[in-house]
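Chain by chain, the residues run as shown.
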Amino acid sequence: MPEIREWKGNAGTFAPNAGSRIVIKDAELQEMADAFAKDYEAIMGQTLPVVTADSANAGDFFLCADKRRKGTAGGRLPYDGR
C-alpha cells in the first residue's frame, strides 16, 4: 500500500468520523493495517482501531487483498459511497 502522503483523490468524497475504523478482510493485512493506523494517528491525531470483518461502515477504511495484483507496488483504496 502506498504511504498516505502518496494518495491521490479520485471522484467522490470520503469523510472519516469519530467512529471510523480500519477494517481488514484478511488477517494477512494486519501488519499493513497497523502501520496505516500509526501513520494516520501521527498525521491526523486520531486513533483508529483495526478490526477484522467482511464489510465496513460509513467512514471506515476497508482494506482487502486483491489476489489478481500480486507483486504490484501500488494499489487502490476503493470507495463505494458508504
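Relevant structure appears above.
Attention here is on the structure that accompanies the text. Just so it is clear, the structure is predicted and the values come from calculations on it, not from any experiment. (Residues numbered from 1 in each chain as written. Predicted model: local features only at pLDDT ≥ 70, side-chain atom pairs only at ≥ 80, totals over all residues. Heavy atoms only, no water.)

Of the regular secondary structure elements, the chain holds one helix and three strands. Put simply, the chain runs from its N terminus to its C terminus through helices and strands in the order β-α-β-β. Split into buried and exposed, the 82 residues of the chain put 20% on the buried side. For the chain, contacts bridging at least 24 residues in sequence account for 75% of all contacts bridging at least 6. Of the roughly 6,000 Å² of accessible surface on the chain, a fraction of 50% belongs to carbon and sulfur atoms. (Helix = DSSP H or I, 4+ residues; strand = E, 2+ residues; numbered from the N terminus. Buried < 20%, exposed > 50% of the residue type's maximum accessible area, 1.4 Å probe, protein only. Contact = heavy atoms within 4.5 Å. Areas by Shrake-Rupley, 256 points an atom, 1.4 Å probe, with all protein chains shown as cover.)

So, about the pattern of salt bridges. Across all of its chains, the model carries one salt bridge by this definition. Between D60 and R21 there is a salt bridge whose closest N-O contact spans 2.6 Å. Here the residue D60 occupies a position in the loop between β2 (50–52) and β3 (61–63), and R21 occupies one in the segment before β1 (22–24), the gap between them amounting to 39 residues. (Salt bridge = Lys/Arg side-chain N within 4 Å of Asp/Glu carboxyl O.)

Right, let's get into the environment of A15. Note that A15 resides in the segment before β1. Relative accessible area serves as the criterion here: at 56%, A15 is assigned to the exposed category. Counting along the chain gives 43 residues from A15 to A58, while the straight-line C-alpha distance between them is 8.6 Å.

Counted at 1.5 Å a residue, the expected span for helix α1 (residues 30–44) with its 15 residues is 21 Å, and the 20 Å between its end C-alpha atoms agrees. On the buried face of α1, the contacting elements are β1, β2 and β3. The first or second residue beyond α1 is G45, which carries a positive phi of 75°. (Expected span 1.5 Å × (residues − 1).)

Take the packing of aromatic side chains next. Using the criterion set out here, one finds four aromatic pairs in the structure. Geometrically, the ring pair formed by Y40 and F61 is edge-to-face, given 5.5 Å between the ring centres and 65° between the ring planes. Highlighted residues: Y40 in helix α1 and F61 in strand β3, separated in sequence by 21 residues. Take Y40 and F61: they sit in the same class, and that class is buried. Pairwise contacts between aromatic rings join F14, F36, Y40 and F61 into one cluster. (Phe/Tyr/Trp six-rings, centres within 6.5 Å; stacked < 30°, edge-to-face > 60°.)

Quick look at the nonpolar core now. Among the nonpolar cores identified, the biggest contains ten residues, and these are I22, I24, L29, A33, F36, A37, Y40, L48, F61 and L63. When contributions to this core are tallied by element, the ones reaching two or more residues are β1, α1 and β3. Examining the composition of this core, we find that four residues originate from one element, α1, more than from any other. (Core = buried A, V, L, I, M, F, W, Y, C linked by side-chain atoms within 4.5 Å.)

Any functional reading would require information beyond the geometric quantities listed.
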